[in-house]
Amino acid sequence: MKILFVCHGNICRSPMAEFIFKELVRRHGGDFTVASAATSSEELGNPIYPPARAEMRAHGIPFGPREAVQLRRADYGKWDLLIGMDEANVRNMKRLFGGDPEGKIRKLLSFADSTADVADPWYSGSFDVAYRDIVRGCEALYESLTGKPARL
């Protein structure tokens, strides 16, 4: 299963989701390819935003160096799931891909039976709130894909 997490700039929420989900897989098992990307070009080449790194570090989530990359039209055929952090991400993905004919695009918190967005900490500064939402969504996603509960 190939999962791509998507947010606006690929420096906060989607890389946090990428590394949180990778840690769930490391701890609980599974055969997943996981990455993240941006819908915009604003942050291309930039590393994970320092407060996002600090939040992951505070919770013992390992992460490596990475640079923001932009979602491409061809990505629709490369990934099994394309998971946006908010409604704007979902809308932008559908616009780029010309829709979602295979039903691959979902919002992260939909896996936790919520219609809420993962609030963008770039604007709020609330990286702890974003972290909690992302963990909740990733745990629910993992359980929906494997049938096994997983907690960080």
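Structure shown above.
Residues numbered from 1 in each chain as written. Predicted model: local features only at pLDDT ≥ 70, side-chain atom pairs only at ≥ 80, totals over all residues. Heavy atoms only, no water.

Observations concerning the environment of Ala88
Looking at the element boundaries, Ala88 is found in helix H4 (residues 87-97). Here Ala88 falls in the partly exposed class, since its relative accessible area comes to 29%. When the C-alpha atoms of Ala88 and Thr39 are compared, they prove to be 9.4 Å apart, with 49 residues separating the residues in sequence. (Helix = DSSP H or I, 4+ residues; strand = E, 2+ residues; numbered from the N terminus. Buried < 20%, exposed > 50% of the residue type's maximum accessible area, 1.4 Å probe, protein only.)

Describing the nonpolar core
Ranked by size, the top nonpolar core spans 37 residues in total, and within it Phe5, Phe21, Ile134 and Cys138 carry the most contacts. Excluding residues that lie within four positions of it along the chain, Ile134 makes contacts with Arg13, Met16, Ala17, Ile20, Met85, Leu108 and Val118. Of all hydrophobic cores here, the second largest spans 11 residues; its members include Val6, Tyr76, Leu82 and Val90. (Core = buried A, V, L, I, M, F, W, Y, C linked by side-chain atoms within 4.5 Å. Contact = heavy atoms within 4.5 Å.)

Observations regarding the packing of aromatic side chains
Geometrically, a pair of aromatic rings is defined through the distance of the ring centres and the angle of the planes. In total, this model carries 8 aromatic pairs according to the counting rule given. Centre to centre, the rings of Phe32 and Tyr142 are 6.2 Å apart; their planes meet at 45°, and the pair counts as tilted. Here Phe32 is found in the loop between helix H1 (13-28) and strand E2 (33-38), whereas its partner Tyr142 is found in helix H6 (residues 127-146), with 110 residues between them in sequence. Of the two residues, Phe32 and Tyr142, neither departs from the other in class, the shared state being buried. (Phe/Tyr/Trp six-rings, centres within 6.5 Å; stacked < 30°, edge-to-face > 60°.)

With respect to H6
Each full turn of the α-helix corresponds to 3.6 residues, which orients residues three or four apart in the same direction. Between its first and last C-alpha atoms H6 spans 28 Å; for 20 residues at 1.5 Å apiece the expected length is 28 Å, and the two agree. The inward-facing, buried residues of H6 contact strand E1 (2-7), H1, helix H2 (50-58), strand E3 (81-84) and helix H5 (121-124). Immediately downstream of H6, the backbone of Gly147 shows phi near 75°, a positive value. (Expected span 1.5 Å × (residues − 1).)

As for the pairing of E3
Alternating residues of E3 divide into Leu81 and Ile83 and Leu82 and Gly84, and every residue in both groups is buried. By the bridge criterion, 4 bridges tie E1 to E3 in an arrangement that is parallel. Note that in E3 the partner of Phe5 across the bridge is Ile83. With 3 bridges joining them, E3 and strand E4 (residues 105-107) adopt parallel strand pairing. Among the inter-strand pairings, Leu82 is bridged to a residue of E4, identified as Ile105. Read from E3 through H4 to E4, the crossover connection turns out right-handed. (Pairing = 2+ DSSP bridges. Right-handed = clockwise from strand over helix to strand, strands pointing away.)

Concerning the side chain of Ser36
Among the secondary structure elements, Ser36 is positioned in strand E2. At 3.1 Å, the side chain of Ser36 forms a polar contact with the side chain of Arg66. The residues contacting Ser36, other than those within four sequence positions of it, are Leu4, Phe5, Asn10, Ser14, Pro15, Glu18, Arg66 and Val69. (Polar contact = N/O pair within 3.5 Å; in protein donor to acceptor, adjacent residues only side chain to side chain.)

Some thoughts on the state of the cysteines
Per the stated rule, a full pass over the model turns up 0 disulfides. As a non-bridged cysteine, Cys12 has Cys7 as the owner of its nearest cysteine sulfur, 6.7 Å distant. Here Cys12 falls in the buried class, since its relative accessible area comes to 4%. The thiol of Cys138 is unpaired, and the distance to the nearest cysteine sulfur, on Cys7, comes to 12 Å. Of the residues examined, Cys138 reaches a relative accessible area of 0% and is grouped as buried. (Disulfide = S-S within 2.5 Å.)

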